[in-house]
Amino acid sequence: MPALEKFLISEIEALVSAHLLRSPEVTENLDGVRVIRNGRELISFCSNDYLGLSKNEMVIEEAISALWQFGAGSGASRLVTGNNPLYGKLEAAIARVKGAESACVFGSGYLANIGVIPALVGKGDLIVSDRLVHASIIDGIKLSGAEHKRYSHNSLDNLSNILENNRKLHKSCLIITETIFSMDGDKSPLPDIMEIAKKYDAWVMTDDAHGMGVIKHDINANIRVGTLSKAVGSYGGYVCGSKALVDYMKSSARSLIYSTALPPATLAASIAALEIMESDSELCKKPLENAKMFASELGMKEPESQIVPIIIGEAEKAISCSKELEEAGFLVTAIRPPTVPKGTSRLRLTFSALHEEDDILRLADFIKSKGWLEHLKVAA
Ligand SMILES: *Cc1c(COP(=O)(O)O)cnc(C)c1O
């Protein structure tokens, strides 16, 4: 056997025996919450399309007309073929929705994180991040070459300690956290973090991938990254903040400069979705209300967001719980390492504006009937 094949097969075998091999299953999105998998209709409780906008008729209509008007692809990087007029419209809409001076669109949330972080800090600088930040932030940090320290999840004491001991040794300092943590659904204590940042002359960057359109924040960081691929129901990422921040990014973020612009239909879909978000505040409140209804049925702590994790522990057990849910008609994917720390494999339930009361109560009843909550540690 050639050396490469031998290497690959042994790596795959190791993943299989650790219950960590991943293989995407064919799944067809019917209406935003109902899907078809293996010939069966399931209700999905694991999508990030929190407002069901990926299937919204107005969004689809706008995407279709942009497709006819501007074509399927964009041809090159925004800095080469020039900005499609939709970019300006989309960036204005993001800035409006986020209450920011300016916004800059990237190819995805992943590309925003790996572009923005290295544009701001590098060798000789310090990054202090929450231990649970998303992989795309970790990759951005690695690319930057800055010194990296992690503080325990949401621990202000630990963050202060790290800054007290390290801040003076570095030029610039960037604190990075998420507004709503993607796998735990809890909030970061942003007002306190901003206070600490002021004391230590540090900048603060947040990733609002799971907050946008669903959870409002009272206070904002200097640098705000997010995605158009979740509640916006489309695709793309962004950073927003001051005009200077955005102007600088357009000439400095490598993932923006060296990657092709988004397809026009995608830009148009995002614009239409943001307009719905701005005008329909009832829709935006639903995901959190639904999560609260579910949690209260099960006597769980009131969730802070539409993401409600049930920590199972071992990957194998999480997979078997997920299979049982699927047999009962619910799609809830098991989340395993390296997405979450070892020993904290979980069912990550996400609630959508489109879930009906009956769907939620049936899911709660099913989980109750399994007795899972009696021997499982319930987080959030
Ligand atoms: C999903 C996610 C991203 C990546 O966004 P994409 O648009 O899917 O590339 C970044 N950060 C967080 C916290 C996320 O949950």
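Remember, it's a predicted structure, so these values are computed and weren't measured experimentally. (Residues numbered from 1 in each chain as written. Predicted model: local features only at pLDDT ≥ 70, side-chain atom pairs only at ≥ 80, totals over all residues. Heavy atoms only, no water.)

**What to know about the packing of aromatic side chains**
The cut-off we apply is this: Between the rings of Phe, Tyr and Trp (Trp by its six-membered ring), a pair exists once the centres lie within 6.5 Å; its type follows the angle of the planes, with under 30 degrees stacked, over 60 edge-to-face, and the other angles tilted. To qualify as a helix, a DSSP run of H or I must reach at least 4 residues; to qualify as a strand, a run of E must reach at least 2; elements of each kind are numbered from the N terminus. Only protein chains enter the accessibility calculation, which uses a 1.4 Å probe; a residue is then buried when its area is under 20% of its type maximum, exposed when over 50%, and partly exposed in between. The rule for a charge over a ring is simple: NZ of Lys or CZ of Arg within 6 Å of the ring centre, and within 35 degrees of the ring normal.
For the structure shown, the criterion picks out four aromatic pairs. Here F330 and F366 contribute two aromatic rings whose centre-to-centre distance is 6.1 Å and whose plane-to-plane angle is 45 degrees, an arrangement assigned as tilted. Of this pair, F330 sits in strand β12 (residues 330-331) while F366 is found in helix α13 (residues 357-369), placing the two residues 36 residues apart along the sequence. Each member of the pair F330 and F366 is classed as buried. An aromatic cluster is defined as three or more aromatic residues linked by ring pairs; in this entry it consists of F45, F294, F330, F351 and F366. Above the face of the Y87 ring, R78 is positioned so that its terminal group lies 3.9 Å from the ring centre.

**A few points about the site of the ligand**
How we decide: Near residues are defined by distance, with any heavy atom within 4 Å of the molecule or strand qualifying the residue. What qualifies as a polar contact is a pair of N or O atoms within 3.5 Å, subject to a donor-acceptor requirement within protein and to the restriction that residues adjacent in sequence count only when both atoms come from side chains. The method behind every accessible area is Shrake-Rupley, applied with a 1.4 Å probe, and residues are considered shielded solely by the protein chains displayed. Charged residues are taken to be Asp, Glu, Lys and Arg, nonpolar residues to be Ala, Val, Leu, Ile, Met, Phe, Trp, Tyr, Cys and Pro, and polar residues to be all remaining types, Gly included.
Taken together, the neighbourhood of the ligand is formed by 15 residues, with D207, H210, T227, S229 and K230 sitting nearest. The contact in question runs from an oxygen atom of the ligand to an N or O atom on the backbone of Y110, over 2.9 Å. Contact distances for the ligand include 3.5 Å between a nitrogen atom and a side-chain N or O atom of H134. For the ligand, whose unbound accessible area comes to 380 Å², protein coverage reaches 87%. Here the shell around the ligand is built from residues that sort into two nonpolar, ten polar and three charged.

**Notes on a negative patch on the surface**
Stated formally: Surface patches are drawn from residues lacking salt bridges whose relative accessible area is over 30%; two like charges belong together within 9 Å, two nonpolar side chains (Val, Leu, Ile, Met, Phe, Trp, Tyr) within 5 Å. Take a side-chain nitrogen of Lys or Arg and a carboxyl oxygen of Asp or Glu: if they are within 4 Å of each other, that pair is a salt bridge. When charges are counted, Lys and Arg are positive and Asp and Glu negative, with His and the chain ends excluded. Charge coordinates come from a single atom per side chain, which is NZ of Lys, CZ of Arg, CG of Asp or CD of Glu.
On the surface, E57, E61, E62 and E275 cluster together into a negatively charged patch. The element best represented in the negative patch is helix α2 (residues 57-70), accounting for three residues. With respect to the helices and strands, E61 occurs in helix α2.

**Re a nonpolar patch on the surface**
There is a patch of nonpolar side chains on the surface, built from L4, F7, L8, I12, L15, V16 and L21 and spanning about 600 Å² of accessible area. In this fold, F7 is placed in helix α1 (residues 3-17). F7 sits in the partly exposed class, given a relative accessible area of 47%.

**Focus on the sheet that holds strand β8 (residues 203-207)**
Short version of the rule: When DSSP finds two or more bridges between a pair of strands, those strands are recorded as paired. Here, axes are lines fitted to C-alpha atoms. For helices the fit covers the stretch in contact, and angles between N-to-C directions go from 0 to 180 degrees. Any two residues having at least one pair of non-hydrogen atoms within 4.5 Å are treated as being in contact.
The sheet built from seven strands is open, its strands ordered β4-β10-β9-β8-β7-β5-β6 with mixed pairing. At either end of the open sheet lies a strand with only one pairing partner, and these are β4 (102-106) and β6 (147-151). In this sheet, adjacent strand axes meet at a mean angle of 20 degrees when their direction is disregarded. Here strand β5 (residues 126-130) pairs with β6 via five bridges, running parallel. Counterpart to L126 in the pairing with β6 is E147. In this fold helix α3 (residues 85-98) packs onto β4, β9 (223-227) and β10 (237-241), with an angle of close to 125 degrees to the strand it touches most, β4. Along the sheet face, helix α4 (residues 109-120) touches β4, β5, β7 (173-178), β8, β9 and β10 and points at about 160 degrees away from the line of β9.

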